Amino acid sequence: MLVIQYIRSFIFIVQMYVALAAFAVFGLPIGVLGGRMGAIAVARGYAHWVRISARWLVGLRSEIRGEIPTGDVLIAAKHQSFFDILMIFSAVPKGKFIMKKELVWTPFVGWYAYLMGCIPVDRAKRGKAIKGMVDAAKNGRMQGGQLIIFAQGTRVAAGAKPPYKVGAGMLYRTLKLPCVPAATNVGVFWPRRSMLRKPGLAVVEFLPPIAPGLSVDDYMTRIADEIETASDVLMTEAGFPMPENAFE
């Protein structure tokens, strides 16, 4: 059965990237002529397709829990795989991401990231990167919507708990927007370094919003506690054996 699941996973991954190219190329007129919302519509269509094909081909169902943010908010999310990116983006109406600068040069992804108003960050510059990110978010050419940041700064394995990056706190302080924390268990079914895609129920859960006005330190403590606690619950629900001490 495991061999069959690997075969199904391979087929799913291949068609996922073929679909990415197809959506990007054939949807480009919509993305260009329709501006930001046209690009978002094409990208959301692709995100929904991946969620549907994951259920069909590998038995990976997906579910969004909690109140979906629709206004101007900051979303501080846990990031375990490409799938949680797609799940969050498929749920919100006007999403854009804080993203690695390297992705700007990725075919298809870079095109739509630009059209949607995503904010690239050069992580190698550290302090300068934070300032550049905050300035870009504050003075961005496409204001409004749901600005999504992966608060640990990178994708992490299921059960791992590296520290949360202060960039999320600087955005919260500068933008003075409510923040919606987002937890997930996606890494249980879509591992970081494996082709295997496991059947089950992947969940992204939007938690109650945090009002603006906290200090950066209090905010960072709160989002880490809330996101990790909720993610642990989701991973335990999915049958993941949580280690006694998962901090790296």
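Use the structure listed above.
None of the values given here were measured: they were computed from a predicted structure.

Cut-offs used in this document
Residues numbered from 1 in each chain as written. Predicted model: local features only at pLDDT ≥ 70, side-chain atom pairs only at ≥ 80, totals over all residues. Heavy atoms only, no water. Salt bridge = Lys/Arg side-chain N within 4 Å of Asp/Glu carboxyl O. Helix = DSSP H or I, 4+ residues; strand = E, 2+ residues; numbered from the N terminus. Buried < 20%, exposed > 50% of the residue type's maximum accessible area, 1.4 Å probe, protein only. Patch = residues over 30% accessible without salt bridge, like charges linked within 9 Å, V, L, I, M, F, W, Y side chains within 5 Å. Areas by Shrake-Rupley, 256 points an atom, 1.4 Å probe, with all protein chains shown as cover. Core = buried A, V, L, I, M, F, W, Y, C linked by side-chain atoms within 4.5 Å. Axes fitted to C-alpha atoms, helices over the stretch in contact; angles between N-to-C directions. Parallel < 35°, antiparallel > 145°, perpendicular 65-115°, else oblique. Left-handed = near helix turned anticlockwise from the far one by under 90°. Contact = heavy atoms within 4.5 Å. Nonpolar A, V, L, I, M, F, W, Y, C, P; charged D, E, K, R; others polar. Pairing = 2+ DSSP bridges.

Asks: Account for the pattern of salt bridges, with residues named and values stated.
Replies: The full count for this structure, using the stated rule, is five salt bridges. Between Arg 65 and Glu 237 there is a salt bridge; the shortest N-O distance is 2.8 Å. Here the residue Arg 65 occupies a position in strand E1 (residues 60–65), and Glu 237 occupies one in helix H8 (residues 216–237), the gap between them amounting to 172 residues. Of the residues examined, Arg 65 reaches a relative accessible area of 23% and is grouped as partly exposed. Of the charged contacts, one joins Glu 228 and Lys 78 as a salt bridge, the two residues approaching to 2.8 Å between their closest N and O atoms. Of the two residues, Glu 228 sits in helix H8 while Lys 78 sits in the loop between strand E2 (73–77) and helix H4 (82–91), which places them 150 residues apart along the sequence. Residues Glu 228 and Lys 78 agree in their burial class; the two are buried. In this structure, a network of salt bridges that share partners links the residues Glu 63, Arg 65 and Glu 237.

Asks: Please provide a residue-by-residue account of a nonpolar patch on the surface, values included.
Replies: Together, Leu 2, Val 3, Tyr 6, Ile 7, Phe 10, Ile 11, Val 14, Val 18 and Met 195 make up a nonpolar patch on the protein surface, roughly 820 Å² of accessible area in all. Considering the arrangement of structural elements, one finds Ile 11 in helix H1 (residues 2–26).

Asks: An account of H4 is needed here, citing residue identities and associated values.
Replies: Counted residue by residue, H4 has eight buried out of 10 residues, so it is predominantly covered. Listing the buried residues of H4 in full gives Phe 83, Asp 84, Leu 86, Met 87, Ile 88, Phe 89, Ser 90 and Ala 91.

Asks: Tell me what's going on with the nonpolar core, and back it up with residues and numbers.
Replies: Formed by 46 residues in total, the largest nonpolar core has its most connected members in Phe 12, Leu 60, Ile 75, Phe 83, Met 116 and Phe 206. The element contributing the most residues to this core is helix H3 (residues 35–58), with nine residues. Counting residues in hydrophobic clusters, the runner-up holds 24 residues, among them Ala 76, Ile 98, Ile 119 and Val 216.

Asks: Describe in detail the packing of H3 against H4, supporting the description with residues and values.
Replies: Packed helices, taken two at a time, are described by their axes: the angle between them and the distance between them. Running from N to C, H3 and H4 point in directions that differ by 125 degrees, and their axes come no closer than 9 Å. The angle between H3 and H4 falls in the class oblique. The interaxial crossing formed by H3 with H4 has left-handed handedness. Contact with H3, carried on its side by Ile 40, Ala 43, Arg 44, Tyr 46, Ala 47, His 48, Val 50, Arg 51 and Ala 54, involves Phe 82, Phe 83, Leu 86, Met 87, Phe 89, Ser 90 and Ala 91 of H4 and no other residues of that element. Considering only residue class, the contact of H3 with H4 consists of 12 nonpolar, two polar and two charged.

Asks: Tell me what's going on with the pairing of strand E7 (residues 200–206), and back it up with residues and numbers.
Replies: Along E7, five of the seven residues are buried, which leaves the element largely enclosed by surrounding structure. Direction of pairing for E1 relative to E7: parallel, over a ladder of six bridges. Within E7, the residue paired with Ser 62 across the bridge is Ala 202. Looking at chain direction, strand E6 (residues 179–184) and E7 are connected through three bridges and run antiparallel.

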